[in-house]
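# Observations on chain architecture
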Amino acid sequence: MSIPGPGGQGLQLTPFRGLRYVAERVGSLAAVTSPPYDVVVRPEGLRELETADPYNIVRLILPQAGTPEARHRQAAETLRRWQADGVLAPDPEPALYVYEQRDGPTLQRGLIGALRLSPREEGIVLPHEEVMPHVVEDRADLMRATAAHLEPLLLAYRGNGNGNGTSGNGAAGQGAGGAAQVIERTIQREPLLSTTTEDGVDHHLWRVTNPADLVEVSTDLRQHQALIADGHHRWATYLRLREERREPGPWDFGLVLLVDTARYPLRVRAIHRLLRRLPPDEALPAVRRAFRVRTVDGPLPRALETLAEAARADPGAPNAFLLAGDGSFHLLDRPDPELLARTVPDGRPEAWRTLDATVLHHTLLNHLWNVPDTPEHIGYLHDPAAAVEQAERLGGTAVLMHPVREDVVHELARQGIAMPHKSTSFGPKPATGLVLRSLTLG
């Protein structure tokens, strides 16, 4: 994804003074990290992270208190206290950061920096999903209170290497210039920090401060545009908070991780739904006249493979869902075409109208189940096992989804068409807590 023409005003990634944990003040760097806020499985995952270390970053990104105002105030007070006590300290000078994740054969490298914000119509940063206003409002209140960006968004762009730097498993080699070459030179040095998180993923961070390297990165990235792979709500929050301020300043930039997917392709996974107040014995009868419904064999991995086979089997009727919550797995596929024609809005590309998330929200949730899209009724979980477990515990229904193809995501984004919120989960996602951006450091 490149900006055409000479002197492109594409991605403008700038150095910043990273706010980082002081290793000597915490149990371990791994113990203070967290997945992104919307991936933490609550309440079990939240409690596990809170007990891993008293300084775990989850106390900032998901503070616990009786009211939203108290939560955000608590996060701000905690951040100030940790800085005063020397638990978090700023780096001595502005830098970009090379970030590497290694999970067995999977390798990902990218650049963390402060990206100049731009609205969708400029075509520099392309969202591909709609956002939920209440989530944006909550993240905005948290950012206002803390005056900090606590976790980077994940943005994908395609560099000029055209994949020549990858070796099948994502390992990069030589042959590309610009940002890619700066990354390759930087990783030859001793990393600024290294840690292995509980999931077995190795994380490494390097600083880039050499003026020539920074110019090389800047010149390269200005020719490109990027897709928001993960973090639509935080990007929308960045834009909202920038609009509140009339004078140029640090709020004109947002903390991001930029990954060149020509060299390090991302994975695309589904985000599943937890219908907290709809039991399976009500959900299933309501869909039997509109979908083919079959009970399929478990355990969960086998049922998910059946879902994948159903999604691939009939290109003319691709929608398929897996329902759970009553101890069994139920496959929904072959929706009634007439029902889809009545319930899915017109005026959008066929690729959007046939998305599983589109059919789920417009046909199943709105028309057949009458389930409001509010936090009290619907939860969004990345882990299918967690969705099934919570559905069985709460007496609700888990709706397990099949991933969207990456080419569909890119094509809709280029057309300016937003997919329903929480349609995709790109990864690997950056660990939260390795580097923060304070908006008061300059």
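Look up a bit, the structure's there.
Residues numbered from 1 in each chain as written. Predicted model: local features only at pLDDT ≥ 70, side-chain atom pairs only at ≥ 80, totals over all residues. Heavy atoms only, no water.

## Examining a negative patch on the surface
- A contiguous patch of negative charge, built from E48, D103, E198 and D199, is present on the exposed surface.
- Along the chain, D199 turns up in the loop between strand 9 (193–196) and strand 10 (202–208).
- Its relative accessible area of 57% is what places D199 among the exposed residues. (Patch = residues over 30% accessible without salt bridge, like charges linked within 9 Å, V, L, I, M, F, W, Y side chains within 5 Å. Areas by Shrake-Rupley, 256 points an atom, 1.4 Å probe, with all protein chains shown as cover. Salt bridge = Lys/Arg side-chain N within 4 Å of Asp/Glu carboxyl O. Lys, Arg positive; Asp, Glu negative; His and termini not counted. Charge placed at Lys NZ, Arg CZ, Asp CG, Glu CD. Helix = DSSP H or I, 4+ residues; strand = E, 2+ residues; numbered from the N terminus. Buried < 20%, exposed > 50% of the residue type's maximum accessible area, 1.4 Å probe, protein only.)

## Considerations on the sheet that holds strand 21 (residues 436–438)
- Read from one edge of the open sheet, four strands run 3-2-21-7, paired in antiparallel fashion. At either end of the open sheet lies a strand with only one pairing partner, and these are strand 3 (88–90) and strand 7 (148–149).
- Taken together, the two bridges between strand 2 (residues 18–21) and strand 21 define a ladder with antiparallel strand orientation. Looking across to strand 21, one finds that L19 is bridged to L436. (Pairing = 2+ DSSP bridges.)

## Considering the packing of helix 6 (residues 179–186) against helix 7 (residues 211–221)
- At a minimum axis separation of 8 Å, helix 6 and helix 7 run at an interaxial angle of 145 degrees. Residues A179, A180, Q181, V182 and R185 of helix 6 lie in contact with helix 7, whose contacting residues are D213, E216, V217, D220 and L221.
- When grouped by side-chain class, the residues that make up the contact of helix 6 with helix 7 number five nonpolar, one polar and four charged. (Axes fitted to C-alpha atoms, helices over the stretch in contact; angles between N-to-C directions. Contact = heavy atoms within 4.5 Å. Nonpolar A, V, L, I, M, F, W, Y, C, P; charged D, E, K, R; others polar.)

## Regarding the packing of aromatic side chains
- Summed over all chains, the structure comprises five aromatic pairs.
- Plain terms: the ring middles of W235 and Y238 are 6.3 Å apart, the flat faces sit at 65 degrees to each other, and that makes the pair edge-to-face. Of this pair, W235 and Y238 are both found in helix 8 (residues 232–243), three residues apart, which corresponds to roughly one turn of the helix.
- Looking at W235, the relative accessible area reads 3%, which means it is buried.
- The interplanar angle of 70 degrees and the centroid separation of 6.2 Å between the aromatic rings of F291 and F321 together place this pair among those described as edge-to-face. With a gap of 30 residues between them, F291 in the loop between helix 9 (280–287) and strand 15 (292–296) and F321 in strand 16 (residues 320–324) connect regions that are remote in the sequence. Each member of the pair F291 and F321 is classed as buried.
- The structure contains a cluster of three or more aromatic residues connected by ring pairs, namely Y21, Y55 and W82.
- Taking NZ or CZ as reference, R139 lies 4.1 Å from the ring centre of Y37, over its face. (Phe/Tyr/Trp six-rings, centres within 6.5 Å; stacked < 30°, edge-to-face > 60°. Lys NZ or Arg CZ within 6 Å of the ring centre and 35° of its normal.)

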